[in-house]
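# Coordinates in review
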Amino acid sequence: MDTAELLTLYEQMALIRRTEKAAHDLFLQGLVKGTTHLAAGHEAIAVGASAALRDDDYVFATYRGHHHAMARGATPEECLAELMSRATGLCRAKGGSMHLTKAATNMLGSYAIVGAHLPMAVGAAWSAKLRGTGQLAVAFFGDGATNIGAFHEALNLAAVWKLPVLFVCENNLYMEYTPIADVTAVPRPAADRAPAYGIPGEVVDGNDVVLVRETVARLARRARAGDGPAVLEAETYRHFGHSRTDPATYRPAEEVERWLKHDPLDIARGRLIEAGVPEETVTAADERARTVVREAVEAAKNAPPPDPREAFTDVWADGGAAWRT
C-alpha cells in the first residue's frame, strides 16, 4: 500500500472516530435518544475491509455498525442526523443507531438480532453467483455470534454451495459483558470452527488497517475465483462498554491499558511517519476530519424533524405499507 492510500484510510478512520465521539457527546447532551453501541477501536476492520472490496459488493453489519456504514459511503451528517431523529438522517429517522443502512451503496443493514444477518449474506452471495456478477457478500459480526445457531447454518450452506461470501468476526474479547473465552470451547471462536465446514479460517490483527486490507483482498480474490467462502477473525477491542448503559468495569484495567496502546489510528499514524510522511501532513488529515464532524454536528442539530406522514413508507419494496397476503 502506498502512502497516499494509507493516508486516505487514516483520515477515514479519524473521521469515524470523531463521529463516534460526537455521538457520545450528543447522547450526554440528551440529543441522541435510545442507546448507542460505539465501535471506537474497531475502525481498521471496517476501513481496511472496505478498501479491499468493490463498490458493488454487499456488506452486512451488526448493531455496532457506525464504522461500516461510514466505510461504505455514509457521511457523518447522515449518521448523526439519524441518531438525533432528524429528517435528513440516513434512514430518515426510522433506524437510529442500531439500524444504519445505505442500500444505494450496498451497505444492506445493521442488524440488532445477533447473528441474524449471516444467512442474509449467504442469500446475497447466492444471488450474485446465480447472476454471475462477480459480486461478493461480506458479513461482519461479533465474537458472541459464533455461539449462535445462525453462524453455523450460514457457514454450512455457504460451504455446500461454494458461495462468494466472507464471514468477518470482529473479536473484541467480550460478548456483551462476558468474556467469549469463558463460554467457548476453542481459543479462536470463529477461525477455529471454520475447518469443521471445510472453510479456511484465518486470524488477523484487526487494529492494523494495512493487514486487514491485504487479508480481505486476498480472500476476496479467492471467493471471486469460485473457491468459496472464508472466515476471517479480526482481533480488536472496543474503547467503550457494550452500550451507553455499560461502564465496562468488568474489564481488567491492565487489559484496557494494553489495548488502548494498540489503537488503530496510532498504528496507521506510526506506519505513515515511518514511511516518511511529514507529521504535519498526518495532523492536517486529523484536522480535516475534525472540521467535517464539527460541521456535521451543527447541520444535524439544525435539521428538521421527520414528517410523521412518512412513518409507514418504505415498509414494502413498493415504498408503501399496504397489507397484502
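To start, this report covers the structure provided alongside it. (Residues numbered from 1 in each chain as written. Predicted model: local features only at pLDDT ≥ 70, side-chain atom pairs only at ≥ 80, totals over all residues. Heavy atoms only, no water.)

## A few points about the environment of Ala128
Topologically, Ala128 is positioned in helix 5 (residues 117-131). On the basis of relative accessible area, Ala128 is assigned to the buried category, the value being 2%. Distance from Ala128 to Pro164, taken between C-alpha atoms, is 7.9 Å for residues 36 residues apart in sequence. The contact partners of Ala128, leaving out residues within four places of it in the chain, are Thr133, Gly134 and Gln135. (Helix = DSSP H or I, 4+ residues; strand = E, 2+ residues; numbered from the N terminus. Buried < 20%, exposed > 50% of the residue type's maximum accessible area, 1.4 Å probe, protein only. Contact = heavy atoms within 4.5 Å.)

## Section: the packing of aromatic side chains
Applying the stated criterion across every chain yields a total of seven aromatic pairs. Within the aromatic cluster, the residues linked to one another by ring pairs are Tyr174, Tyr177 and Tyr250. (Phe/Tyr/Trp six-rings, centres within 6.5 Å; stacked < 30°, edge-to-face > 60°.)

## What to know about the sheet that holds strand 6 (residues 230-235)
Spatial ordering of the open sheet is given by 2-1-3-4-6-5, a layout of six strands whose pairing is parallel. Unpaired on one side and paired on the other, strand 2 (107-111) and strand 5 (201-205) mark the two borders of the sheet. The mean inter-strand angle of the sheet, taken between neighbouring strand axes irrespective of direction, is 20°. Pairing between strand 1 (residues 58-62) and strand 2: three bridges, direction parallel. Note that in strand 2 the partner of Ala61 across the bridge is Ser110. Contacts between helix 7 (residues 209-227) and the sheet are confined to strand 4 (165-171), strand 5 and strand 6, with strand 5 contributing the most and set at about 155° to the helix. (Pairing = 2+ DSSP bridges. Axes fitted to C-alpha atoms, helices over the stretch in contact; angles between N-to-C directions.)

## Focus on the nonpolar core
Counting 59 residues, the largest nonpolar core has Leu80, Leu166, Val209 and Val216 as its most contacted members. For this core, the element with the most residues is helix 1 (residues 3-28), which contributes 10 residues. In this view, Leu166 contacts Leu136, Ala137, Val138, Ala139, Val216, Leu219, Ala220 and Ala230; residues no more than four positions away in its chain are not counted. Among the nonpolar cores identified, the runner-up in size contains 24 residues, and Tyr58, Tyr111, Ala137 and Leu155 belong to it. (Core = buried A, V, L, I, M, F, W, Y, C linked by side-chain atoms within 4.5 Å.)

## What about the side chain of Thr146?
Position of Thr146 relative to the elements: it lies in the loop between strand 3 (137-142) and helix 6 (149-161). Taking relative accessible area as the criterion, Thr146 reaches 0% and is therefore assigned buried. The contact partners of Thr146, leaving out residues within four places of it in the chain, are Phe141, Phe151, His152, Cys169, Ile180, Pro189, Ala190 and Arg193.

## Considerations on helix 6
Over its 13 residues, helix 6 runs 19 Å from end to end, which matches the ideal 18 Å to within 8%, given 1.5 Å per residue. Within the span of helix 6, buried status applies to Ala150, Phe151, Ala154, Leu155 and Ala158. Seen end-on, helix 6 carries its buried residues on one side only, within an arc spanning 130°. Facing away from the buried side of helix 6 by more than 90 degrees, the exposed set consists of Glu153 and Val160. (Expected span 1.5 Å × (residues − 1). Arc of directions from axis to C-beta.)

## As for the environment of Val138
Within the secondary structure, Val138 sits in strand 3. Judged by its relative accessible area of 1%, Val138 falls in the buried class. Note: C-alpha distance between Val138 and Pro164 (26 residues apart in sequence) is 8.7 Å.

## Observations concerning the pairing of strand 6
For strand 6, the tally of buried residues reaches five of six residues, placing the bulk of the element in the interior. The pairing of strand 4 with strand 6 spans six bridges and is parallel. Bridge pairing in strand 6 links Glu170 to Ala234. Looking at chain direction, strand 5 and strand 6 are connected through five bridges and run parallel. Residue pairing in the sheet places Glu202 in a bridge with Leu232 of strand 6.

## Regarding unusual backbone geometry
Here the phi dihedral of Arg92 falls at roughly 55°; this positive angle occurs in a residue that is not glycine. Structurally, Arg92 is set in the loop between helix 4 (76-83) and strand 2. Judged by its relative accessible area of 34%, Arg92 is partly exposed. Look at Asp314: it is not a glycine, yet its phi comes out positive at around 65°. Judged by its relative accessible area of 45%, Asp314 falls in the partly exposed class.

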